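Summary of structural features
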Amino acid sequence: MDLRFPDYPFTKMLGWSNSRYDLFCQCKRKYLYFYYPASFANLEAKVKELKKLTTIPLEIGNLYHDMMEVFLERLQKSDSPINEEKLFGFVDDLCEKKLSQKVFFENYYKTCTVDFGKINEKVKFCMKNFLISPILNFLNSIEMPQRQSFLIEAGSKMNGKKYFGETRINGLKAFCKMDFIFIRDEKVYIIDWKTGKKDENKHTKQLLAYALAAKGLNSEIKSGEIFPKSVYVSETYGELALEATDEKLADFAESVRNETEEMQSFCLNVEENIPLPVESFEKTPNESVCKMCEFRELCFI
C-alpha cells in the first residue's frame, strides 16, 4: 500500500481546518486579523507584524516537532543506539539558532520574562519522555525497508515542494497536516505530537480530521485500518487513540461541512474568499481571550 499526497488546483475559497474553526469560534475579530489582514487598510502592515508573534508554549512545540523530524529521518537510516549527549547537544544548537530569530508575545506585551534556557530544558524533557516511550519501541520494531515509507511532517518534502496538508473532505477544501504517518502490516498509523496539556475533545476532533485525510491518500484504505493517536510528552508520557469507523468519519465529515458553511457565511464573496466588512466581525467579550491575543493592542486603537 502506497501513500501519496494529491496535488490540488489552486482556489481562493477558504479551506476548513481545526485551528481555523477554533479561532473563528474564539473571537470573530481575531479571526479577521489572522486570515484577512488586508481588511484593515493602513493597519495591514501592523497586523502582519503582530501575526508573527510567537509564545513560549508555541516555541516549545515547534522545537520539539523540529527535533522529531530530525530524529525520525535518522531512524530511517540507522538502527544504532542513540547518543543522548549528541542528541541534546543538537537541541542546544537548534534552540540557540531558532529562538534568537523570534519575537515573543511575552516580551512584546511584557507579560513575563522569556528564558531561552528554560525553553531548552523543556524541549529536552519532552525528548527524554519520548526516548523511554512505548511508541519508540514500536517504531524500532519496524524493519528498515518499511521505514523508507515514513511520511514525516505530513510529507512536507513530497513532490519536490512544501506540503501544507491540503485535502478534500466530502469535496470541500480542508487542511489536515499530520506530524507523522506510516504503514505497518497494511495498517496506517498517524502520530500527532503534543507538548501541551491533554484536551480530549479538541484532540479527538483533530484525529478524526487526520483519519479522513488519510483516506484521501489511497482509495484502498478502509476506516478500520487507520490508527490515529495523539502522543503527549510534556509532563508524563501519555496517549490518546482514536478508533476510526465509517460512522464516526461520516458524522465528522458532516460537521466539517456545517463549520465550513458557517465560516463562509462571513464571506461577501465565497468563491473569491472576500470577507464581510470589519464591523461584521465582533470582538469577543471574554477578557481572558484578549489577554493572550497577539492583536490586542489593535482593538483599542
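Everything here concerns the structure above.
Reference entry: report on the structure contained in this document. Nothing here was measured: the structure is a model prediction, and the numbers come from that model.

For the rest of this paragraph, the subject is the overall build of the chain. Scanning the chain from terminus to terminus reveals 12 helices and 9 strands. Against the 2.2 N^0.38 benchmark of 19 Å for 301 residues, the chain shows a C-alpha radius of gyration of 20 Å, consistent with a compact globule. A buried classification covers 47% of the 301 residues belonging to the chain. Considering only contacts within the chain whose residues lie at least 6 apart along the sequence, 72% involve residues at least 24 apart. Computed over 43 positive and 46 negative side-chain charges, the inter-centroid distance for the chain is 4 Å.

Glancing now at the packing of aromatic side chains. Following the criterion strictly, the structure yields 24 aromatic pairs and no others. Aromatic side chains phenylalanine 104 and phenylalanine 116 sit 6.0 Å apart centroid to centroid with 40° between the ring planes, which places their arrangement in the tilted category. With phenylalanine 104 in the loop between helix H5 (84-99) and helix H6 (105-108) and phenylalanine 116 in helix H7 (residues 116-131), this residue pair connects regions lying 12 residues apart in the sequence. Residues phenylalanine 266 and phenylalanine 281 carry aromatic rings whose centres are separated by 5.3 Å and whose planes lie at 55° to one another, so their mutual orientation is tilted. Pair noted here: phenylalanine 266 is in the loop between helix H11 (246-264) and strand S8 (267-269) and phenylalanine 281 is in the loop between strand S9 (274-275) and helix H12 (287-291), with a separation of 15 residues, a long-range link. The structure contains a cluster of three or more aromatic residues connected by ring pairs, namely Tyr21, Phe24, Tyr31, Phe34, Tyr35, Tyr36, Phe266 and Phe281. The cationic tip of arginine 20 hangs over the ring face of tyrosine 35; the distance from NZ or CZ to the ring centre is 4.0 Å. Above the ring of phenylalanine 88, the side-chain terminus of lysine 128 is found at 5.5 Å from the ring centroid.

A sheet is described by the order of its strands in space; here 5 strands give the open sequence S1-S4-S5-S6-S7, paired in mixed fashion. Since the sheet does not close on itself, it has two edges, and those belong to strand S1 (151-152) and strand S7 (238-241), each with one partner. Packing of helix H4 (residues 56-75) onto the sheet brings it into contact with S1, strand S4 (180-184) and strand S5 (187-194), and relative to S5 it is tilted by some 145°.

Within the element layout of this structure, phenylalanine 138 appears in helix H8 (residues 134-140). Each C-alpha atom of the pair phenylalanine 138 and lysine 194 lies 18 Å from the other, and the pair is 56 residues apart in sequence. Contact partners of phenylalanine 138, with chain neighbours within four places excluded, come to Phe182, Arg184 and Tyr189.

The next subject is the nonpolar core. Across soluble globular proteins, nonpolar side chains show a tendency to be buried alongside one another. By size, the foremost hydrophobic cluster in this structure holds 52 residues, and its most contacted members are Trp16, Tyr31, Met178, Ile181 and Ile190. Of all elements in the fold, only helix H1 (18-26), helix H2 (28-35), helix H3 (44-51), S4, S5, helix H10 (200-215), strand S6 (226-232) and H11 reach the threshold of two or more residues within this core. The element contributing the most residues to this core is H10, with 8 residues. With residues near it in sequence (within four places) discarded, isoleucine 181 still touches Leu3, Ser149, Phe150, Leu151, Val188, Tyr189, Ile190, Ala214 and Leu217. Grouped together as the second largest cluster of nonpolar side chains are 36 residues, Ile60, Leu72, Leu75 and Ile152 included.

The subject of this paragraph is unusual backbone geometry. The phi angle at alanine 41 is positive, at roughly 45°, despite the residue not being glycine. Structurally, alanine 41 is set in the loop between H2 and H3. Non-glycine residue asparagine 273 carries a positive phi angle of around 55°. Mapped onto the elements, asparagine 273 comes out in the loop between S8 and S9.

Turning our attention to the side chain of asparagine 18. Along the chain, asparagine 18 falls in helix H1. Apart from residues no more than four positions distant in its own chain, asparagine 18 is found in contact with Lys202, Lys205 and Gln206.

Of all 8 residues in S5, 7 are buried; the element is thus mostly enclosed. Pairing of S4 with S5 involves 5 bridges; the strand directions are antiparallel. Directly across from isoleucine 183, in S5, lies its bridge partner valine 188. From the end of S4 to the start of S5, which pair antiparallel, there are 2 residues, and aspartate 185 there has a positive phi angle of about 55°. Bridge count between S5 and S6: 7 bridges; the pairing is parallel. By the bridge assignment, aspartate 192 is partnered in S6 with serine 230. Read from S5 through H10 to S6, the crossover connection turns out right-handed.

Cut-off values and rules
Residues numbered from 1 in each chain as written. Predicted model: local features only at pLDDT ≥ 70, side-chain atom pairs only at ≥ 80, totals over all residues. Heavy atoms only, no water. Helix = DSSP H or I, 4+ residues; strand = E, 2+ residues; numbered from the N terminus. Rg over C-alpha atoms; globule rule 2.2 N^0.38 Å. Buried < 20%, exposed > 50% of the residue type's maximum accessible area, 1.4 Å probe, protein only. Contact = heavy atoms within 4.5 Å. Lys, Arg positive; Asp, Glu negative; His and termini not counted. Charge placed at Lys NZ, Arg CZ, Asp CG, Glu CD. Phe/Tyr/Trp six-rings, centres within 6.5 Å; stacked < 30°, edge-to-face > 60°. Lys NZ or Arg CZ within 6 Å of the ring centre and 35° of its normal. Pairing = 2+ DSSP bridges. Axes fitted to C-alpha atoms, helices over the stretch in contact; angles between N-to-C directions. Core = buried A, V, L, I, M, F, W, Y, C linked by side-chain atoms within 4.5 Å. Right-handed = clockwise from strand over helix to strand, strands pointing away.

Just distances and angles here, no functional claims.
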